[in-house]
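# A closer look at the structure
Here are the chains, one letter per residue:
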Amino acid sequence: TLEACCSRAWTSCFNSTSIMAVEFEGGVVIGADSRTTTGAYIANRVTDKLTPIHERIFCCRSGSAADTQAIADAVTYQLGFHSIELDEAPLVQTAASLFREMCYRYREELMAGIIVAGWDPRRGGQVYTVPVGGMMTRQPVSVGGSGSSYIYGYVDSNYRAGMSKEECLKFTAEALTLAMERDGSSGGVVRLAVVSEQGVERQVILGNQLPKFSTV
Amino acid sequence: MDSHHSYSQVKGVSTGTTILAVKFNGGVIIGSDSRASMGESYVSSKTINKLIQVHDRIFCCIAGSLADAQAVTKMAKFQLSFHSIQMESPPLVKAAASIMRELCYNNKEELQAGFITAGWDRKKGPQIYVVSLGGMLLSQPYTIGGSGSTYIYGYVDAKFKPDMSLEEATQFSTNALALAMGRDNVSGGVVHLVVITEAEVKHVVVPGNKLPKFHDE
């Protein structure tokens, strides 16, 4: 899987990743694992894949670490400029569109799967997914990265509309734990963040504090 | 999505299928979807039964090349019935699994098939054995296989409990298969379940419109 996404040797890749975002009434919960690999070596076991783009807009990055960092930096600049011109907080959809523009235009060169999530006064909590190839769509819950394949069934069966913030945090932590247990390229700690009108609250769940399942 | 497509190619040839087996209190349930596909866009059969009976209380389901699987199970069925006659008693589930493993291991260069063997015998009760592509034999309380299984690892890891009742195990299997069929385009159709206990073997078919629905349907 890493050869597929990293054509150059020794490129840091975190297509080996599990990322997730869930909308709730009043905001979004986002989460990610913390492993970055270069081949079989874990280059960073405490990576932060939840990147702020603006005060209340984050992105979860999967794919080539270099590509996603470069895109996120470019979008942060563009969005900051746009926000100053507009003299108000930018919309999450605007951020997602900027990601999409770049991911679609340079789709041949890039390997980036990004989930954009945040809160704005107009539409509340929103999650937009911009997978490899450059499509953009809004979803109430979105998963990404290599570990995401293993949790589609879990997410489909456990997601309900109208969950509270605490329920979303528990749902995200459990789903990411299950993905990390099965995906050899995801692991480390679970990083979570809640983005809402009040601001951003971040937390980290360490390995020994992850939820336990009877067989895992 | 493109990234998922490339993963299944790196993993190797896999039948468009989802299969599973789970032990419950008093028996095993073995189950599969019913779709046979040619390439990724043509469904050659909507109602194929992938659960093969190799003896009275022992069933097999296959992942991999259908041709290889049929050849192996035909050979295993013959060897197993011969063994059973010689021993003058019903065969052990482990014996069935061992026969499959011998065939898979000795012919590993040519074959591209993995199996789940599940059943009931007098010595150890309900058992599930997995024979993987290269010929490894492993006993597990529950197992999933096929291309659709990737999507339900999280679900089965979270939901499995040892010593479930028949109703719980049936619900578990049906839900898991329905979730996999909902995400994997080469799994689909109806859900075939076979419930194997000491007393009987029951074949349950859950048609498409009776499958559980999830939040986005």
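Note that this is a predicted model, so its numbers are computed, not measured.

## Topic: the overall build of chain B
Check the secondary structure of chain B and you find five helices and twelve strands. Taken over C-alpha atoms, the radius of gyration comes to 17 Å for chain B, in line with the 17 Å a tight globule of 217 residues would show. C-alpha atoms of chain B, sized along the principal axes, occupy 55 × 40 × 25 Å. For chain B, the residues scored as buried account for 52% of the 217 residues in total. Look at the contacts in chain B between residues 6 or more apart in sequence, and 62% of them connect residues 24 or more apart. Only carbon and sulfur atoms are counted for the fraction: they give 53% of the accessible area of chain B, which is about 10400 Å². In chain B, 20 side chains carry a positive charge and 19 a negative one; their mean positions are 2 Å apart.

## With respect to the UniProt feature "active site" (unreviewed entry) in chain B
Residues and elements named next belong to chain B. Here, the residues flagged by UniProt with the feature "active site" (unreviewed entry) are Thr17. The residue Thr17 is located in the loop between α1 (2–11) and β1 (19–24) in this model. In contact with Thr17, other than residues within four places in its own chain, are Asp33, Lys50, Ile62, Gly145, Gly146, Ser147, Gly148, Asp184, Val186 and Ser187.

## Details of the sheet that holds strand β10 (residues 142–145) of chain B
All names here are of chain B. The strand order across the open sheet built from five strands is β10-β1-β2-β11-β12, with neighbouring strands paired in antiparallel fashion. Sheet topology places β10 and β12 (201–206) at the edges, where each strand pairs with a single neighbour. Averaged over all pairs of adjacent strands, the angle between strand axes in this sheet comes to 15 degrees, irrespective of strand direction. Looking at chain direction, strand β11 (residues 191–197) and β12 are connected through six bridges and run antiparallel. Across the sheet, His192 pairs through a bridge with Val205, a residue of β12. Most of the contacts of helix α5 (residues 166–183) go to β1, to which it runs at about 165 degrees, and overall it touches β1, β2 (27–32), β11 and β12.

## Some details on a nonpolar patch on the surface
Residues and elements named next belong to chain B. On the surface, Met75, Phe78 and Phe82 cluster together into a nonpolar patch covering about 330 Å² of accessible area. As for its placement among the helices and strands, Phe78 is situated in helix α2 (residues 66–87). Of the residues examined, Phe78 reaches a relative accessible area of 52% and is grouped as exposed.

## With respect to the pattern of salt bridges
Overall, the coordinates contain 13 salt bridges over all chains when judged by the stated rule. For Arg105(A), the salt bridge identified is with Glu101(A), shortest N-O distance 3.4 Å. Highlighted residues: Arg105(A) and Glu101(A), both in helix α3 (residues 92–105), separated by four residues, approximately one helical turn. Overall, Arg105(A) belongs to the exposed group, its relative accessible area being 58%. Among the ionic pairs, Lys50(B) bridges to Asp33(B), the shortest N-O distance being 2.9 Å. Placement of Lys50(B) in the loop between β4 (42–45) and β5 (51–55) and of Asp33(B) in the loop between β2 and β3 (36–38) is noted, with a sequence separation of 17 residues between them. Both residues of the pair, Lys50(B) and Asp33(B), count as buried.

Conventions used here
Residues numbered from 1 in each chain as written. Chains lettered and ligands numbered in written order. Predicted model: local features only at pLDDT ≥ 70, side-chain atom pairs only at ≥ 80, totals over all residues. Heavy atoms only, no water. Helix = DSSP H or I, 4+ residues; strand = E, 2+ residues; numbered from the N terminus. Rg over C-alpha atoms; globule rule 2.2 N^0.38 Å. Buried < 20%, exposed > 50% of the residue type's maximum accessible area, 1.4 Å probe, protein only. Contact = heavy atoms within 4.5 Å. Areas by Shrake-Rupley, 256 points an atom, 1.4 Å probe, with all protein chains shown as cover. Lys, Arg positive; Asp, Glu negative; His and termini not counted. Charge placed at Lys NZ, Arg CZ, Asp CG, Glu CD. UniProt positions renumbered as here; feature names shortened; annotations may be inferred. Pairing = 2+ DSSP bridges. Axes fitted to C-alpha atoms, helices over the stretch in contact; angles between N-to-C directions. Patch = residues over 30% accessible without salt bridge, like charges linked within 9 Å, V, L, I, M, F, W, Y side chains within 5 Å. Salt bridge = Lys/Arg side-chain N within 4 Å of Asp/Glu carboxyl O.

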